[in-house]
Amino acid sequence: MVTAHECFWEPRLRRTLTDEGSGPLLVLVEGAAGTGKSHLLEELSVLPEAADATRLVWRRGGAWAQPEPMSPEGPVLLLVDDVHRADAAGRDRLRRVLESPWPGLAAVVAYRPEELAVPGLPLGAPPAGYPPELAVVRHRLEPWSADRVRRAAVEALGKGCTDEAVARLHERSGGVPQVVVDLLTVMRGRTRQRCTAADVDAAGVPVRLAELSLGRTSALPAAHRPIVWAAAVLGDPVSRDELIAVSGLGPSRGREALLAALAGAALAESEEGRYGLAVPLAALAVHASVPGPVRQELHARAADALARRHPVPWAALASHHKAGGRVRGWLRAVEKAARMAADSGRHQDAICLLERTLASPSVPPQARARLAPLLARSAVVGLRSDQTVEVLTQIVQDAALPAAVRGELRLDLGLLLCNQVGMSGKGWQELERAAAELRDVRPGLSARAMSALAMPYWPGPSIEVHRMWLEDATAAAADSGDEVVRTAVAANHVGLAMSCGDPLAWELVTMLPTDSPDPGCRQHAARGLCNAADSAVWLGYHARADELLTEGLELSAQSGAPYTEQTALGARLLLEWVTGRWAGLAERCEKFVAATADMPVICADARMVRGLLALAHGEWGQALSWLSGTDAASADHAAAPLAAATSGALIRLALARQELSAAAGEARTGWANMVAKGVWVWAAELAPWAVEATARAGEVEEARAMVNGFAAGLEGRDSPTARAALAWSRAALAEVEGRRHEAVPLYREAAAAYAALPRPYAQALTTESAARCVLEAYAPRPGAGADAGAGAGAGQAVATGAAAGGEDGEGDEKARAVAELTACTQQFTDLGAVWDAARARAVLRTYQPAKEGRPPGRPSYGDQLSPREREVAELAATGLTNREIATTLHLSHRTVEQHIARAMRKIGTLSRQDLAVHRAMTHTPDATQTAMKGMERRKGRG
């Protein structure tokens, strides 16, 4: 609703009420039903300036809420609501007050202009004789803008309200504030975390709006009501002649009915010469009130009227034909509308129309066979729809379908199951059957099915199986003579070659026909570019990936391929993660997941990146939920590179929690899947952690076999990331085996390789490991003597390696390690990797000598948190347990307890939950006020 401070006349009204000699003021507030007139008057009644004024309130209908003063002294605030409902006597009383106003009068008169007895004259005829000293202004309350509707929706439903839902809410409500509020009230109790346009449709017509619209319609003479019914059937505002034609009243009676409907506010003129119901949603209520036979006749006349338009609105025409009982006309219009929508890239429109049509049992088999392929073609480039999958699953079982049609539908069904739905096992089976069914009758489409089976992302089949399918697809495409089929196979050839790190893949990318005049070729070229970009991220060619994503996204949007566009947006989140662009990345991932939650393949990148961020932040519970929670894709259904990276993250999490058995078990499973797939460049995110967990579990030979297998698999492959990960894996094995003199240069080799990509997080992790190995070798931690195990022997080995330099060489190595560790600690901090930064600082404190000149004893920080207390409190705020904090910071469990207790006392909190509030305050200053209020509430409960 509009507020007083938004009104241009509000400052003048305040001055009048403070008796500053501004003279009397009259504000005429006009607005249609539900635009917030009464709400505005309520706000004005409690203005601070009105406290010392005489307040007069005019009751609806024309009576004072209190005795009318004869000659009040000082300022007077007169509030008049719904003056359009006043009778003649009431209007005359108000006229007398306004024509002879008191000197300090501030009057606000509100009314519905569409319901005035005399249009344009709030006080009726004759016009009021306002005196010269009375300032008179008019303020029309307008409907809400789309942005204002969005704010209301977020306030009521939260951030899960999608853009499509907001657009539908604004469209259906016409922006009328009361209608928006009523719809949101209904939706609040029905919607889940994510609100869609379908939720807006399901809310129906609010009671206030339905009763207002039906009341205005019933107030008309029965002979005039068909003009309103015709408007409800048509839905959108139309010309006078078209409205009268659909009503069936004829020119003379129709004109008379239209004038009556306008005078009674049953209809409104939305723009010059176009008429309809004032609020679009009201049409549903009126439409439902029309008797069935009359409604069918109205729809038939509406279909005739729309068929005469140029261009013909085929989708609307189909709806009217169906409601008018004209089945053949309905199906003909559906096919026209669907083809036009698909050709213009509006695949979701085509999908929705065809789904509704094919769900009807009145569609004959011949028409079903003609329409189903249209649905399938749009569905494979559009976004997920389970109803499409259900419809196609039923149709392909129809034995009466021609073999070519059934094979084509099965091909698209298989693509839908693999891509949009994430059921790769079932999808793979459908694609295999489609390839066989189409081999003789539609060899071009058979090639499409085979090329889909060549894509290596699906879990299960080995890379050799995919290569065999690609070989068959390439031969079939060449024989087909179909350029679109050839492009589809070429795009998948790019996908396979890039995935494997084939050095020739980059040349294949340049051969994609991105400028083809055929939209089908451009769609496949866009898919090839986006898949190549995704592979480039995994390979480590980040700049090229960025260029391919930009080109692929642009071509996807131009060619009408929303599914491809969404996959590219997911790959961009992955690119931001690996290149260290973490600012706001968690929020972007969460927003993307919310928007694509029903498409597990598309949102998988965002889910994994969000889990990796949580792990780096020390939010281990959240990390586990994002990586392997109920909504995450299982290893059996996840794309192979994502499954490997997720497995690596889960191993690292288990190692951090000192759950060695779980880490080793995950390593065995993840590595077995990797070996079975055979795309070794995808082991880059898995291998270092799998090798470390396996070796630390005592299975050193198995870990060495992992390293050797990884190295062999990378022969002839072009992947900077995998090469860096191989050095990291070798370093991890050497460290666990006690060969730190070998581990240090290997870690540094990996760090340099990651820095060149760049991958700052991986660079910092490997730099930290190199520095830690050096410091542990030269200066074992207190308590680590000759019996400390592998670390002691390794220390001797590193010391021997530096013996040629003597003490100076040892000092240089230690100084370099300290510098490296200091640098990567800062790098972790800059990224926002709270847990990693705390761990690296703990290593520094353990091995870096105390600075000279510092006074003896512990420094006093008074009521301020010490650096260690702040560090412990920050980790506790992420959700880590005391044991996990102690492990991270190399402290005892008791010491952690003491630090947390002191931090809570100094901050003034009562629980670990409040430590999280304090952390939010220190990291996001804008949240300080909200955080403080939460802390105060908890203190009050204490």
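Position numbers for residues count from 1 along each chain, tracking the sequence in the order it is written. In keeping with the predicted nature of the model, local features appear solely for residues at pLDDT of at least 70, side-chain atom pairs appear and are counted solely at 80 or more, and the whole-chain, interface and lining totals rest on all residues. Side-chain measures were taken over the full set of non-hydrogen atoms in the model, leaving aside hydrogen atoms and water.

S.K.: Explanation requested: the overall build of the protein chain in the structure shown.
M.R.: Along the backbone of the protein chain there are 45 helices and 9 strands. Taking all 942 residues of the protein chain together, 53% fall into the buried category. Taking as baseline every contact in the protein chain between residues at least 6 positions apart, the subset at least 24 positions apart corresponds to 66%. Using the Shrake-Rupley algorithm and a 1.4 Å probe, accessible areas are obtained, with residue cover drawn only from the displayed protein chains. For the protein chain, the accessible area works out to roughly 41,400 Å², and carbon and sulfur atoms hold 53% of it. Numbered from the N terminus, helices here are DSSP runs of H or I no shorter than four residues, and strands are runs of E no shorter than two. Buried, partly exposed and exposed residues are distinguished by accessible area as a fraction of the type maximum, computed with a 1.4 Å probe on protein chains only: under 20%, between the cut-offs, and over 50%, respectively. In this description, contact between two residues means that some pair of their heavy atoms is separated by no more than 4.5 Å.

S.K.: Explanation requested: the nonpolar core in the structure shown.
M.R.: Burial of nonpolar side chains together is a common tendency in soluble globular proteins. Ile-227, Leu-243, Trp-577 and Phe-710 are the most contacted members of the largest nonpolar core, which totals 236 residues. Leave out the neighbours within four places in its chain, and Ile-227 touches Leu-243, Ile-244, Ser-247, Leu-249, Gly-254, Ala-257, Leu-258, Ala-261 and Leu-267. By nonpolar core we mean a set of buried residues, namely Ala, Val, Leu, Ile, Met, Phe, Trp, Tyr and Cys, connected to one another through side-chain atoms within 4.5 Å. Ranked by size, the runner-up nonpolar core spans 21 residues in total, among them Val-76, Ala-86, Leu-116 and Leu-123.

S.K.: Would you take a moment to explain empty space enclosed by the protein for this structure?
M.R.: Only protein atoms enter the 1 Å grid, on which a cavity is a set of points fitting a 1.4 Å probe that cannot get out and a pocket is an open set with protein on both sides within 12 Å along at least 5 of 7 lines, lining residues being those with an atom within 4 Å of a point. Grid points are joined across faces, edges and corners, and a volume is the space filled by probe spheres set on the points. Scanning all chains against the criterion turns up 1 cavity of 30 Å³ or more. Taken as a whole, the largest cavity encloses approximately 310 Å³ of empty space. Sorting the residues of the lining of the largest cavity by element identifies α27 (562–578), α29 (600–617), α31 (640–656), α33 (687–696), α35 (720–736) and α37 (760–778) as the ones contributing at least two each. Looking at the lining of the largest cavity element by element, the count peaks at 4 residues for α31. A class-by-class count of the residues in the lining of the largest cavity yields 17 nonpolar, 2 polar and 3 charged. Throughout this entry, Asp, Glu, Lys and Arg are counted as charged residues, while Ala, Val, Leu, Ile, Met, Phe, Trp, Tyr, Cys and Pro are counted as nonpolar. The remaining residues, Gly among them, count as polar.

S.K.: Any chance you could explain the packing of helix α10 (residues 240–247) against helix α11 (residues 251–263) here in plain terms?
M.R.: To characterise two packed helices, one gives the angle between the axes of the helices and the distance between these axes. In this description, a line fitted to the C-alpha atoms serves as the axis of each element, helices being fitted only across the stretch in contact, and the angle between N-to-C directions of two axes falls anywhere from 0 to 180 degrees. Between α10 and α11, the least distance of the axes is 9 Å, while the angle of their chain directions is 110°. It follows that α10 is roughly perpendicular to α11 by the angle criterion. Mapping the contact onto sequence places Arg-240, Leu-243 and Ile-244 in α10 and Pro-251, Gly-254, Arg-255 and Leu-258 in α11. A per-class count over the contact of α10 with α11 returns 4 nonpolar, 1 polar and 2 charged. Put simply, angles under 35 degrees are roughly parallel, angles over 145 are roughly antiparallel, angles from 65 to 115 are roughly perpendicular, and the rest are oblique.

S.K.: Honestly, the packing of aromatic side chains in this entry has me stumped. Any pointers?
M.R.: The relation between two aromatic rings is expressed through the spacing of the ring centres and the mutual angle of the planes. Whether two aromatic rings pair depends on their centres lying within 6.5 Å, for rings of Phe, Tyr and Trp, where Trp uses its six-membered ring; planes under 30 degrees apart make the pair stacked, over 60 edge-to-face, and the rest tilted. Scanning all chains against the criterion turns up 11 aromatic pairs. Summarising the aromatic geometry, the rings of Trp-506 and Tyr-541 are spaced 5.4 Å apart at their centres and angled 85° between planes, so their arrangement reads as edge-to-face. Of this pair, Trp-506 sits in helix α24 (residues 505–510) while Tyr-541 sits in the loop between α25 (519–539) and α26 (542–559), and the two are 35 residues apart along the sequence. Taking the centre distance of 5.3 Å and the plane angle of 70° together, the rings of Trp-689 and Trp-728 count as edge-to-face. Remark: Trp-728 occurs in helix α35 and Trp-689 occurs in helix α33; sequence separation between them is 39 residues. The class of Trp-728 is buried, set by a relative accessible area of 8%. Through a chain of ring-to-ring contacts, the aromatic side chains of Trp-577, Trp-582, Tyr-761 and Phe-828 assemble into a single cluster. The residue whose ring lies beneath Arg-544 is Tyr-541, and the NZ or CZ to ring-centre distance is 5.2 Å. Consider the ring centre and the ring normal. A charge sits over the ring if Lys NZ or Arg CZ is within 6 Å of that centre and within 35 degrees of that normal. Seen from the ring of Trp-835, Arg-839 lies directly overhead, with NZ or CZ sitting 4.9 Å from the centre.

S.K.: Before we go on, may I ask you to explain the sheet that holds strand β7 (residues 238–239) in this structure?
M.R.: Sheet strands pair by backbone hydrogen bonding; their relative direction is either parallel or antiparallel. Pairing between two strands requires that DSSP report at least two bridges joining them. The antiparallel open sheet is built from 3 strands, whose spatial order is β7-β9-β8. Across the chains shown, the open sheet's two edge strands, defined by having one partner strand only, are β7 and β8 (268–271). Bridge count for β8 against strand β9 (residues 274–276) is 3 bridges, and the pairing is antiparallel. What sits directly across from Glu-269, in β9, is Tyr-275.

S.K.: Hey, could you run me through the pattern of salt bridges in this one?
M.R.: Proximity of charged atoms lets side chains of opposite charge pair with each other. Here, a salt bridge means any side-chain nitrogen of Lys or Arg that lies within 4 Å of a carboxyl oxygen of Asp or Glu. Per the stated rule, a full pass over the model turns up 45 salt bridges. Measuring nitrogen to oxygen at the nearest pair gives 3.8 Å for the salt bridge that ties Glu-813 to Arg-748. Separated by 65 residues along the polypeptide, Glu-813 in helix α39 (residues 806–831) and Arg-748 in helix α36 (residues 740–756) bring together distant segments of the chain. Residue Glu-813 is classed as partly exposed on the basis of its relative accessible area, which comes to 23%. On the basis of relative accessible area, Arg-748 is assigned to the buried category, the value being 15%. Across the salt bridge formed by Glu-768 and Arg-839, the nearest N and O atoms sit 2.7 Å from each other. Residue Glu-768 is found in helix α37, and its partner Arg-839 is found in helix α40 (residues 834–847); the two are separated by 71 residues along the sequence.

S.K.: Explain helix α2 (residues 37–45) to me, please; I cannot follow it from the model alone.
M.R.: Think of an α-helix as turning once every 3.6 residues; residues three or four places apart then point the same way. If you check which residues of α2 are buried, you get Lys-37, Leu-40, Leu-41, Leu-44 and Ser-45. Looking down the long axis of α2, one finds its buried residues gathered within 140° of arc, a one-sided arrangement. Think of it as the arc spanned by the lines of direction from the helix axis to the C-beta atoms.

S.K.: Help me out: how do you make sense of the environment of Leu-496 in this one?
M.R.: Tracing the chain through its elements places Leu-496 in helix α23 (residues 483–500). For Leu-496, a relative accessible area of 5% puts it in the buried group. Residues Leu-496 and Arg-467, 29 residues apart in the sequence, show an inter-C-alpha distance of 8.0 Å. Apart from residues no more than four positions distant in its own chain, Leu-496 is found in contact with Ala-454, Pro-456, Ile-463, His-466, Arg-467 and Leu-470.

S.K.: Hey, could you run me through the pairing of strand β1 (residues 25–30) in this one?
M.R.: Across a regular strand the side chains alternate sides, sitting on one face of the sheet and then on the other. Across the 6 residues that make up β1, a large majority, 6, are buried. Both faces of β1 are covered, namely the face carrying Leu-25, Val-27 and Val-29 and the face carrying Leu-26, Leu-28 and Glu-30. Pairing geometry for β1 and strand β5 (residues 105–111), over 6 bridges, is parallel. Counted as the bridge partner of Leu-26 is Ala-107 from β5. Across 6 bridges, the pairing between β1 and strand β6 (residues 135–140) is parallel.

S.K.: Would you mind going over the environment of Leu-40 with me for this structure?
M.R.: Tracing the chain through its elements places Leu-40 in helix α2. Look at Leu-40 and you get buried, because its relative accessible area is 0%. When the C-alpha atoms of Leu-40 and Ala-110 are compared, they prove to be 9.4 Å apart, with 70 residues separating the residues in sequence.

S.K.: Help me understand the side chain of Ser-446, please; the structure alone is not making it clear to me.
M.R.: Along the polypeptide, Ser-446 turns up in helix α21 (residues 443–453). For Ser-446, a relative accessible area of 1% corresponds to the buried category. If we skip the residues at most four places from it in the chain, Ser-446 touches Ala-435, Leu-438 and Arg-439.

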